[in-house]
Amino acid sequence: MKEDYYEILEISKSATAAEVKKAYRKKAIKHHPDKNPGDHEAEAKFKKAAEAYEVLGDPNKRSRYDQYGHQAFEGGGGFGGGGMNMDDIFSQFGDIFGSGFGGGGFGGGFGGGGRRTVKGSNLRIRVQLSLEEIATGVEKKIKVKRKKLAKGTTYKTCSTCNGQGQVTRIQNTILGRMQTSATCSACGGLGQVVDSKPPNADAEGMLLTEETVSIKIPAGVVDGMQLKVSGKGNDAPGDGIPGDLLVAIEEKPHDRLQREGDNLHYDLYISISDAVLGTSKEIETVTGKVRIKIDAGAQSGKILRLRNKGIPSINGYGTGDLLVHVNVWTPKSLSKEQKEFFERMSDDEHFEPKPEKEDKSFFEKVKDMFS
Ligand SMILES: [Zn+2]
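Residues numbered from 1 in each chain as written. Predicted model: local features only at pLDDT ≥ 70, side-chain atom pairs only at ≥ 80, totals over all residues. Heavy atoms only, no water.

(A) Geometry of the overall build of the chain. Within the chain, the secondary structure is distributed over 10 helices and 15 strands. Out of the 371 residues in the chain, the part that is buried amounts to 39%. For the chain, the proportion of contacts with a sequence separation of at least 24, taken over those separated by at least 6, is 66%. With an accessible surface of roughly 21,900 Å², the chain has 49% of that area assigned to carbon and sulfur atoms. (Helix = DSSP H or I, 4+ residues; strand = E, 2+ residues; numbered from the N terminus. Buried < 20%, exposed > 50% of the residue type's maximum accessible area, 1.4 Å probe, protein only. Contact = heavy atoms within 4.5 Å. Areas by Shrake-Rupley, 256 points an atom, 1.4 Å probe, with all protein chains shown as cover.)

Right, dumping it as structure tokens:
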């Protein structure tokens, strides 16, 4: 069982954005690896807090987490929350450490000090999916414009930091002399600067190129979810590693089917004569059409449950159902003969409502549906 993000940061579910940030900063400072060298427990806590903040610090992710819990970010495809490494944490949350870290006491020299691995920036795209595609999973080929290192770009050692990637300063403070180190502004921590580049490349030696990226989307994704395709963001200069491509899932509304978690709902309208005599009807599902039988004497409001005809769970816990809501259509205009027929039936004992136990009330049905 994964720990609750609110519990990790020790805040209430109603905490404001400022309170979330403050709580994370407190945890990050307490468990910062520079403060706890060699302490793996502190490192694990530091990572956990960062993961919690990645979600709770982002209003969109937070609302998804509140709605779906951890499952909004987990599952096969390597979603946002999981598997953060230290570089991710420092590059994503640089701002939160503010002057207390990046520019001061702690510095960028994480993991042995000196030059850090530079990661290219992430790219973000949206992918629209139909319910049918979500039900089966789909592979999408998407054209992406990403910055790639131009052939012929060469680098030389940065003269500002002598290839160290950071500059060290001695400062006199009220606490005495303090050695602080900051990322070199001339090379951005890379330790290298562009020496020569092809004329069509930009200042960093990059070219904007269009590339077709194939994205495997697992079955059961939810609108607003984000998938990560590692290494398909912008290239990093020098020997850095490319950023990631972040794919936001958008669910296209369906004409006839309404999604509710992994279950689907379908409104079926039948005529009064079909309800009286019984019939069979073709129903559209996400995996093709199926024929269902309506017994004679069907009541309006009846719900037929087609097992496993919904959406597969993103976590692999089975498949939802398709709930067919039966609505009996009352004719709004009648011929003279039809009107006479119904007038004759107004006192007929067969037309008298006599609901029995199996004709459950709407509320009992709803209760049943969620049990
Ligand atoms: Zn430099």
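(B) Quick look at the environment of Gly231. In this structure, Gly231 sits in the loop between β8 (226-229) and β9 (245-251). Those residues within four positions of Gly231 in sequence are excluded, and the remaining contacts are Arg146, Pro242, Gly243 and Asp244.

(C) Region of interest: the side chain of Glu51. Summarising the element assignment, Glu51 is placed in helix α3 (residues 40-56). A relative accessible area of 14% means that Glu51 is categorised as buried. Side-chain polar atoms of Glu51 contact the side chain of Tyr5, separated by 2.8 Å. (Polar contact = N/O pair within 3.5 Å; in protein donor to acceptor, adjacent residues only side chain to side chain.)

(D) Highlighting the nonpolar core. Among the nonpolar cores identified, the biggest contains 39 residues, and Ile215, Ile217, Val221, Leu245 and Val324 are the most heavily contacted of them. Formed jointly, this core draws a minimum of three residues from each of two domains, domain 2 (118-146 + 206-252) and domain 4 (257-369). For Val324, the contacting residues outside a window of four places in its chain are Tyr266, Leu268, Ile283, Ile292, Lys302, Ile303, Leu304 and Leu306. The next biggest cluster of nonpolar side chains, apart from the first, holds 18 residues, and it includes Leu9, Ala23, Ala49 and Leu56. (Core = buried A, V, L, I, M, F, W, Y, C linked by side-chain atoms within 4.5 Å. Domains from an automatic or database assignment.)

(E) Summary view of the sheet that holds β8. Here we have 3 strands laid out as an open sheet, ordered β1-β9-β8, and mixed in their pairing. Here the strands that pair on one side only, and so sit at the sheet edges, are β1 (123-129) and β8. If you compare each strand with its neighbour and ignore which way they point, the axes differ by 30° on average. (Pairing = 2+ DSSP bridges. Axes fitted to C-alpha atoms, helices over the stretch in contact; angles between N-to-C directions.)

(F) Quick peek at the coordination of the zinc ion. Protein ligation of the zinc ion involves Cys158 (SG), Cys161 (SG), Cys184 (SG) and Cys187 (SG), the donor distances falling in the range 2.3 Å. Around the zinc ion sit 4 donor atoms, and with donor-metal-donor angles ranging over 104 to 114° the site reads as tetrahedral. In the primary sequence, the donor residues of the zinc ion line up as C-x2-C-x22-C-x2-C. On the criterion of sequence distance, the pair formed by Cys158 in the loop between β3 (154-157) and β4 (166-173) and Cys184 in the loop between β5 (176-183) and β6 (192-196) is long-range, its members being 26 residues apart. Exposure class is identical for Cys158 and Cys184. Each is buried. (Donors = N, O, S within 2.8 Å, 3.2 Å for Na, K, Ca; no water. Tetrahedral: all angles 85-135°; square planar, octahedral: opposite > 155°, others 65-115°.)

(G) Quick look at the sheet that holds strand β11 (residues 263-271). Pairing in this open sheet of 4 strands is mixed, and the strands run β10-β11-β15-β14 from one edge to the other. With partners counted over all chains shown, the strands left at the sheet margins are β10 (257-260) and β14 (303-306), one partner each. Averaged over all neighbouring strand pairs, the angle between strand axes comes to 30°, with direction disregarded. Taken together, the 4 bridges between β10 and β11 define a ladder with antiparallel strand orientation. Its bridge partner lying in β11, Glu260 is registered against Asn263.

(H) Quick peek at the environment of Leu277. Its location among the elements puts Leu277 in helix α8 (residues 272-277). Placed 17 residues apart in sequence, Leu277 and Ile294 show a C-alpha to C-alpha distance of 9.0 Å.

(I) Region of interest: the confidence of the model for the chain. Per-chain confidence: the chain averages 83 in pLDDT, with 84% of residues scoring 70 or above. Confidence drops under a pLDDT of 50 for residues 75-83, and excluding neighbours within four residues, the segment shows 17 contacts in the predicted structure. When the criterion is pLDDT under 50, residues 94-113 qualifies, and its contacts beyond four places in sequence or with other chains add up to 44 contacts. (pLDDT = per-residue confidence, 0-100.)

(J) Molecular detail of the packing of helix α2 (residues 17-31) against α3. Put simply, α2 and α3 touch, their axes get as near as 9 Å, and they point 165° apart. Our classification of the angle between α2 and α3 gives roughly antiparallel. The two elements α2 and α3 cross, and the hand of that crossing is left-handed. Facing α2, whose interface residues are Val20, Lys21, Tyr24, Lys27, Ala28 and His31, α3 presents Ala42, Lys45, Phe46, Ala49, Ala50, Tyr53 and Leu56. Here the residues of the contact of α2 with α3 are counted per class, giving 9 nonpolar, 1 polar and 3 charged. (Parallel < 35°, antiparallel > 145°, perpendicular 65-115°, else oblique. Left-handed = near helix turned anticlockwise from the far one by under 90°. Nonpolar A, V, L, I, M, F, W, Y, C, P; charged D, E, K, R; others polar.)

(K) Inspection of the packing of aromatic side chains at higher detail. Scanning the entire structure with this criterion turns up 7 aromatic pairs. Arranged with centres 4.7 Å apart and planes meeting at 35°, the rings of Tyr5 and Tyr65 form a pair that is tilted. One end of the pair, Tyr5, is in helix α1 (residues 5-8); the other, Tyr65, is in helix α4 (residues 59-68), with 60 residues separating them in the sequence. With a relative accessible area of 3%, Tyr5 lands in the buried category. Note on Tyr24 and Tyr53: the rings are 4.5 Å apart at their centroids and 5° apart in plane angle, and the pair reads as stacked. With a gap of 29 residues between them, Tyr24 in helix α2 and Tyr53 in helix α3 connect regions that are remote in the sequence. On the basis of relative accessible area, Tyr24 is assigned to the buried category, the value being 0%. Classification of Tyr53 by relative accessible area gives buried; the value is 10%. Put simply, the rings of Tyr5, Tyr6 and Tyr65 touch in pairs and so form one group of aromatic residues. (Phe/Tyr/Trp six-rings, centres within 6.5 Å; stacked < 30°, edge-to-face > 60°.)

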